[in-house]
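Structural description and commentary
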2 protein chains.
Amino acid sequence: MHFKAIEAHLKQNGRLPVNIRIILEGEEEVGSANLDNFVKGHKDDLKADVVVISDSPMFDRGVPSICYGLRGLVYFQIDLRGTKSDLHSGSFGGAVANPAMVLANVLAQMKDRGGRIKIPGFYDDVRPLRDEEREQWKRLPFNEKRYAKELGAPRLFGESGYSTLERVWARPTFEVNGILGGFTGEGAKTVIPAVAMAKVSMRLVPNQDPDKIAKLFEDYVKKVAPKTVELKVTRMHGGKPWMTDFDNKYVQAAGRAIEKGFGQKPVFNREGGSIPVVATFQEILGLPSVLFGVGLPDENAHAPNEKLDLGNFHGGVIASAFLYDEIARG
Amino acid sequence: MHFKAIEAHLKQNGRLPVNIRIILEGEEEVGSANLDNFVKGHKDDLKADVVVISDSPMFDRGVPSICYGLRGLVYFQIDLRGTKSDLHSGSFGGAVANPAMVLANVLAQMKDRGGRIKIPGFYDDVRPLRDEEREQWKRLPFNEKRYAKELGAPRLFGESGYSTLERVWARPTFEVNGILGGFTGEGAKTVIPAVAMAKVSMRLVPNQDPDKIAKLFEDYVKKVAPKTVELKVTRMHGGKPWMTDFDNKYVQAAGRAIEKGFGQKPVFNREGGSIPVVATFQEILGLPSVLFGVGLPDENAHAPNEKLDLGNFHGGVIASAFLYDEIARG
């Protein structure tokens, strides 16, 4: 999209209205393990006024949007061992703790019935939703029934006291991403598993700090897991949440560019996913970011048959070309 | 073992002291799906005074034993579906119920902190332990610390108010035999699983009825599972618990035979596993059973490197040969 916009400027004007440096990051989906060091090592080459990232979705088909907030992430693997090998559930059932049962108990203690996370201190640094954000989001064309139907969910569920958009954009989560233990093939096998494992992650919102939350989580798991099993908690990748004000001048420039590319004013929203490089540029280079993406929510990001609407691609090319002008204008 | 004993009688005496009919069952480990019909169809061929089954273990090396009680079993698979496909935990985390979390919650509601099963009515038909059983078992050479160490368990765990032997022999259990959902490979993947599955089973004791317990379990799961997921509960194989009095004349005959084969009086114990055919013979043919086995608990039943001590095999051959005489004597 940006390459096409650059090409258009060069063809039309023979020059660009601003200097542009391009970073191509191929590790974003696996935690950008090397980007921080690269950015730290190339501070001078990367001097700039603003970072433009086109990795956020439009709110909906025909509803172009500018994203001003992202959630962060901490990800863990929990491993429990009960015995040195699987046991016959007849000969040994009743004598030892079952690590799959213990794991279920540990996970069940992560949230209360209202969907609120029970890790002590977890919500301490959560920036409350502003009234104007809630008001704006209420006006967005979002139908909970249609949304549930598209996902194939019998009904929606989340933290009580918040709408679905508020839950996804502005509230932290705790999810089990994977769980495994014992016999999982066809049929029945009467074993007590020796081990059980869960992968769990928390989406974080401003101003939660992944390191602080990771510590709170580890302490809590150690507290709620019984001494009848061996417990191992392994921290995996993560990223900080991010947010800018939507009256920031670059965000406003992006808004005008989107209007020229798509023929209508964008909505200002947040996004439930994580783009950890946004925090990297903020911290290491002190640069603000503008999230300027044109993907649609139903285009199967990270899934089979991932795709991009060509009309939005063309609108995005035009909007990108105008964006450089709008940024140059200041 | 029995074939050798029969051979010895025929060689020594030219005849057997009792008539013997032999049933070889190859489906016992997968629920004996066809045995009931076979037995029903051959009632006349199978007329007898007592059934002898050599599928129960000795209490320990050097401690021959007669088993007079077995646990039964009901086995289920629980399938939960949250959405039609896995979802990105950033874009959708907070909006929908996570079936792996729901599964953990459902499983966590099966037992209280004292290890007691919370399914309403579950214990209604459990025959209480008799004082003389508890007294006898207390005198058995059983070391909880050594037992835990052999299993590699950090510590033992079970229903409060009962010793380990009592829990395994005379109390029912609820176990997770397998659990699976979401991403379980190496590394981290931020999905909300579409589905989650658990295989669970309950060991039953006299006088619990598998059909009645199955109904109680199904009702309870349906009650505790929320409407945010689709629930499917599938009943798999099972078997009735069984128990005879240890002053039964055939059990006493077996005790004398064991003493002659092993040079010492046997202990009378129960066993935590299930041998559903025992209930089959009881119900369809009205026959008592004598459990007359010589396997050791550490011989890896149902596991790699399964084995049998040759000394116990030889003792078992001699005891079997004497058993026929003792039964003939009445």
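Analysis parameters
- Residues numbered from 1 in each chain as written.
- Chains lettered and ligands numbered in written order.
- Predicted model: local features only at pLDDT ≥ 70, side-chain atom pairs only at ≥ 80, totals over all residues.
- Heavy atoms only, no water.
- Helix = DSSP H or I, 4+ residues; strand = E, 2+ residues; numbered from the N terminus.
- Buried < 20%, exposed > 50% of the residue type's maximum accessible area, 1.4 Å probe, protein only.
- Lys, Arg positive; Asp, Glu negative; His and termini not counted.
- Salt bridge = Lys/Arg side-chain N within 4 Å of Asp/Glu carboxyl O.
- Polar contact = N/O pair within 3.5 Å; in protein donor to acceptor, adjacent residues only side chain to side chain.
- Contact = heavy atoms within 4.5 Å.
- Domains from an automatic or database assignment.
- Buried area = accessible area lost by both parts, 1.4 Å probe.
- Nonpolar A, V, L, I, M, F, W, Y, C, P; charged D, E, K, R; others polar.
- Least-squares fit on C-alpha atoms with pLDDT ≥ 70 in both.
- Patch = residues over 30% accessible without salt bridge, like charges linked within 9 Å, V, L, I, M, F, W, Y side chains within 5 Å.
- Areas by Shrake-Rupley, 256 points an atom, 1.4 Å probe, with all protein chains shown as cover.
- Pairing = 2+ DSSP bridges.
- Core = buried A, V, L, I, M, F, W, Y, C linked by side-chain atoms within 4.5 Å.

**Considering the side chain of Arg167(A)**
Relative to the elements of secondary structure, Arg167(A) occurs in helix H6 (residues 164-170). Lacking a salt bridge, the buried Arg167(A) has Glu144(A) as its closest oppositely charged neighbour, with an N-O distance of 5.8 Å. From its side chain, Arg167(A) meets the backbone oxygen of Tyr162(A) in a polar contact 3.1 Å long. Those residues in contact with Arg167(A) that lie beyond four places of it in its chain are Arg71(A), Phe157(A), Gly158(A), Glu159(A), Ser160(A), Tyr162(A), Gly93(B) and Gly94(B).

**Description of the domain arrangement of chain A**
Residue and element names in this part refer to chain A. Domain annotation for chain A reports domain 1 (2-70 + 242-329) and domain 2 (72-126 + 172-239). Here the C-alpha centroids of domain 1 and domain 2 sit 36 Å apart. Listed per partner, the contact involves 9 residues of domain 1 and 7 residues of domain 2. Together domain 1 and domain 2 conceal approximately 520 Å² of surface at their shared face, both sides included; 54% is due to carbon and sulfur atoms. Considering only the side of domain 1, the residues that lose the most area to domain 2 are Gly31, Leu70 and Ser274, jointly responsible for 47% of the buried surface there. At the junction of domain 1 with domain 2, the criterion picks out 1 residue pair in polar contact (both at pLDDT 80 or more). Here the residues of the side of domain 1 that touches domain 2 sort into 4 nonpolar, 4 polar and 1 charged.

**Describing the relation of the copies chain A and chain B**
Both copies of the chain are related by a screw-like operation: a rotation about an axis and a shift along it. Of the transformation superimposing chain A on chain B, the axial component is 0.0 Å and the angular component is 180°, with the fit at an RMSD of 0.1 Å. Accordingly, the operation relating the two chain copies is best matched by a two-fold axis. Most of the interface of chain A is mirrored in chain B, where 100% of its interface residues again form contacts.

**Regarding the pattern of salt bridges**
Counted by the stated rule, this structure contains 38 salt bridges over all chains. Asp298(B) is the salt-bridge partner of Arg61(B), the closest N and O atoms lying 3.6 Å from each other. Note that Arg61(B) is positioned in the loop between strand S1 (51-53) and strand S2 (65-70) and Asp298(B) in the loop between strand S11 (289-291) and helix H10 (310-329), a separation of 237 residues in sequence. Given the relative accessible area of 45%, Asp298(B) is considered partly exposed. Three or more residues joined by partner-sharing salt bridges are found here, namely Arg256(A), Lys260(A), Glu326(A) and Arg329(A).

**Examining a nonpolar patch on the surface**
All names here are of chain A. Nonpolar side chains collect at one region of the surface, where Phe3, Ile20, Ile22 and Leu24 lie side by side and expose about 430 Å² of accessible area between them. Note that Ile22 resides in the loop between helix H1 (2-13) and helix H2 (35-41). With a relative accessible area of 47%, Ile22 lands in the partly exposed category.

**Focus: the interface of chain A and chain B**
The interface is formed by 74 residues belonging to chain A together with 74 residues belonging to chain B. For the pairing of chain A and chain B, the buried interface totals around 5900 Å² over both sides, and the portion due to carbon and sulfur atoms is 58%. Across the contact surface, chain A and chain B share 0 salt bridges. For the pair chain A and chain B, the interface holds 32 residue pairs in polar contact (both at pLDDT 80 or more). When grouped by side-chain class, the residues that make up the side of chain A that touches chain B number 32 nonpolar, 28 polar and 14 charged. Pairing of strand S5 (residues 175-182) of chain A with strand S5 (residues 173-182) of chain B involves 5 bridges; the strand directions are antiparallel. Residue pairing across strands places Gly181(A) opposite Ile179(B), the latter belonging to S5(B).

**Things to note about the nonpolar core**
Leu107(A), Met202(A), Phe217(A), Leu107(B), Met202(B) and Phe217(B) are the most contacted members of the largest nonpolar core, which totals 72 residues. Dropping the residues within four chain positions of it, Leu107(B) is found in contact with Met101(A), Ala104(A), Ile78(B), Phe174(B), Val176(B), Ile179(B), Ala198(B) and Val200(B). Ala5(B), Tyr147(B), Ala153(B) and Leu296(B) belong to the second-largest nonpolar core, a separate cluster that totals 47 residues.

**Focus: the environment of Val191(B)**
By the secondary structure assignment, Val191(B) is in strand S6 (residues 191-192). Distance from Val191(B) to Met58(B), taken between C-alpha atoms, is 49 Å for residues 133 residues apart in sequence. Beyond its immediate chain neighbours, meaning those up to four positions away, Val191(B) contacts Val176(A), Asn177(A), Asp86(B), Leu87(B), Ser89(B) and Phe183(B).

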